[in-house]
Amino acid sequence: MKNYLKLVNFEFNRFLKIYLVLLGITIVSQIAGVIITSKSYLNQANEMMHEEGMSLASFLEQFGKMSFSQIGASLWFIAPIAISIVTLIIYVFFIWYRDWFAKNTFIYRLLTIPTARLNVYLAKATTIFLMVLGLVALQIVLLPVESTIMEWMVPVDLRLDLTLTEVMNQLYVLAIIIPNTLVQFIRAYLFGFMAVFVLFTIILMERSWKWKGVILGILYGVLAFVIAILPWVLQFFILTDYFYPIEIYFLQIVAALVVSSGTVWIGHLLLKNKVTV
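Anyway, here's the lowdown on the structure attached to this text. The model shown is predicted, which means the values in this text are computed figures rather than measured ones.

## Structural notes on the pattern of salt bridges
Point 1. Throughout the structure, instances matching the rule amount to five salt bridges.
Point 2. Arg159 is paired through a salt bridge with Asp161; the nearest N and O atoms lie 2.7 Å apart.
Point 3. Judged by its relative accessible area of 14%, Arg159 is buried.
Point 4. Note that Arg207 is salt-bridged to Glu206, the shortest N-O span being 2.8 Å.
Point 5. Owing to a relative accessible area of 14%, Arg207 belongs among the buried residues under this scheme.
Point 6. Shared partners join several salt bridges into a network, and the residues in it are Glu11, Arg14, Arg98 and Lys124.

Okay, structure coming up:
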């Protein structure tokens, strides 16, 4: 356990600078988006009501009140989330291939550490998980802060206040990364982490058998996907609404756990028997 935690700390520190940049971009861009979007709305209101002589009622009828959903739909808000997602997807591959293609082929040193090779696999996966959850936590913290800034800037007569739940329901990108309920959150992130395990094992297949490994990896990825979606297939195409919602939920969880555990086991075997130093 001690060696595993050391590996997690090591892997996290290797990406820490880039990770802090992602956090910084998210904070600066989204807060800037709140300010810029709010000022733009206020400038429009000022122009229409003071320069064009439009009444408040007429302005609101034509343009509507400002709400946080307008900020959430802006590039200032969406872009840092997209950048973070893309960066972490790339890092799923980079966290392995960097060790093979680095100047001193660091993977050889990493796999000769006196600890189970499975710890190397799990430490890399844990690093990805912590980074994902850290970015989600940051977004959850930022939302009330950004909402408060908007309320400071926009008069109450010109704004429509939304609860955090309403904000997340109205913004598609937030509904994806922050599901409404704990049940949905567990399911969504369990499948997300399952996908990370599958990608890790596909990478190890490629490292073990080169081009044959690529083909095997693709086939395995397809198999894992089929098993993962099997509960949906049964519910909507074969048995047609046979299961209750709670039953289909648990079947989805079981499918994700089966794929995840099987994938980690295969990755462990590859690291132990095929990836040599």
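## Section: the side chain of Arg207
Point 1. By the secondary structure assignment, Arg207 is in helix H9 (residues 182-238).
Point 2. Side-chain polar atoms of Arg207 contact the side chain of Glu206, separated by 2.8 Å.
Point 3. Aside from chain neighbours lying at most four places away, what touches Arg207 is Tyr97, Trp100 and Phe101.

## Some details on the packing of aromatic side chains
Where two aromatic rings form a pair, the distance of their centres and the angle of their planes describe that pair.
Point 1. Under the criterion given, the structure shown has 16 aromatic pairs.
Point 2. A ring pair is formed by Phe129 and Phe193, whose centres lie 4.0 Å apart and whose planes are at 35°; its orientation type is tilted. Placement of Phe129 in helix H6 (residues 117-153) and of Phe193 in helix H9 is noted, with a sequence separation of 64 residues between them.
Point 3. Taking the relative accessible area as the measure of exposure, Phe193 reaches 18% and is therefore buried.
Point 4. Aromatic side chains Tyr249 and Phe250 sit 5.5 Å apart centroid to centroid with 75° between the ring planes, which places their arrangement in the edge-to-face category.
Point 5. One aromatic cluster is present, built from ring pairs that chain together Trp96, Tyr121, Phe129, Phe185, Tyr189, Phe193, Phe197 and Phe200.
Point 6. The ring of Trp96 has Lys124 sitting right over it, with the charged end atom 5.1 Å from the ring centre.

## Section: the nonpolar core
Point 1. Formed by 75 residues in total, the largest nonpolar core has its most connected members in Phe59, Phe68, Trp96, Leu174 and Phe200.
Point 2. With 15 residues, H9 is the largest single contributor of residues to this core.
Point 3. Not counting the four nearest positions on each side in its chain, Trp96 is found in contact with Val120, Tyr121, Lys124, Phe200, Ile203, Leu204 and Leu271.

## Re unusual backbone geometry
Point 1. Of note in this structure, Lys210 is not a glycine but carries a positive phi near 55°.
Point 2. The residue Lys210 is located in helix H9 in this model.
Point 3. Given the relative accessible area of 45%, Lys210 is considered partly exposed.

## A few points about the side chain of Thr37
Point 1. With respect to the element layout, Thr37 can be found in helix H1 (residues 2-51).
Point 2. Excluding its chain neighbours within four sequence positions, the residues that come into contact with Thr37 are Met66, Gln70, Ile71 and Ser74.

## Here we look at the packing of H1 against helix H2 (residues 56-63)
Point 1. Between H1 and H2, the least distance of the axes is 10 Å, while the angle of their chain directions is 130°. Taken together, the axis directions place H1 and H2 in an arrangement best described as oblique. As for how H1 packs across H2, the hand of that crossing is right-handed. Of H2, the residues touching H1 (which contributes Tyr41, Gln44, Ala45, Met48 and Met49) are Leu56, Phe59, Leu60 and Phe63.

## Some words on a nonpolar patch on the surface
Point 1. Taken together, the side chains of Trp232, Phe236, Phe237, Ile238, Leu239 and Tyr242 present a nonpolar region at the surface, about 700 Å² in accessible area.
Point 2. For Phe237, the location among the structural elements is in helix H9.

## Side note on H6
Point 1. End to end, H6 covers 54 Å across 37 residues, agreeing with the expected 54 Å (1.5 Å per residue, within 8%).
Point 2. At Leu142, H6 shows its maximal bend, which comes to roughly 25°, and the proline Pro144 appears one to four places after that position.

## Quick look at the environment of Val154
Point 1. With respect to the element layout, Val154 can be found in the loop between H6 and helix H7 (164-170).
Point 2. When residues no more than four places from it in sequence are discounted, the contact partners of Val154 are Ser38, Leu42, Met66 and Arg159.

## Here we look at the packing of H1 against H6
Point 1. Between H1 and H6, the least distance of the axes is 9 Å, while the angle of their chain directions is 20°. Judged by the angle between their axes, H1 and H6 are roughly parallel. Once H1 is placed against H6, the crossing between them reads as right-handed.
Point 2. Taken together, the residues of the contact of H1 with H6 sort by class into 23 nonpolar, eight polar and five charged.

About the thresholds
- Residues numbered from 1 in each chain as written.
- Predicted model: local features only at pLDDT ≥ 70, side-chain atom pairs only at ≥ 80, totals over all residues.
- Heavy atoms only, no water.
- Salt bridge = Lys/Arg side-chain N within 4 Å of Asp/Glu carboxyl O.
- Buried < 20%, exposed > 50% of the residue type's maximum accessible area, 1.4 Å probe, protein only.
- Helix = DSSP H or I, 4+ residues; strand = E, 2+ residues; numbered from the N terminus.
- Polar contact = N/O pair within 3.5 Å; in protein donor to acceptor, adjacent residues only side chain to side chain.
- Contact = heavy atoms within 4.5 Å.
- Phe/Tyr/Trp six-rings, centres within 6.5 Å; stacked < 30°, edge-to-face > 60°.
- Lys NZ or Arg CZ within 6 Å of the ring centre and 35° of its normal.
- Core = buried A, V, L, I, M, F, W, Y, C linked by side-chain atoms within 4.5 Å.
- Axes fitted to C-alpha atoms, helices over the stretch in contact; angles between N-to-C directions.
- Parallel < 35°, antiparallel > 145°, perpendicular 65-115°, else oblique.
- Left-handed = near helix turned anticlockwise from the far one by under 90°.
- Patch = residues over 30% accessible without salt bridge, like charges linked within 9 Å, V, L, I, M, F, W, Y side chains within 5 Å.
- Areas by Shrake-Rupley, 256 points an atom, 1.4 Å probe, with all protein chains shown as cover.
- Expected span 1.5 Å × (residues − 1).
- Bend = angle between axes of the 7 residues up to and from the residue.
- Nonpolar A, V, L, I, M, F, W, Y, C, P; charged D, E, K, R; others polar.

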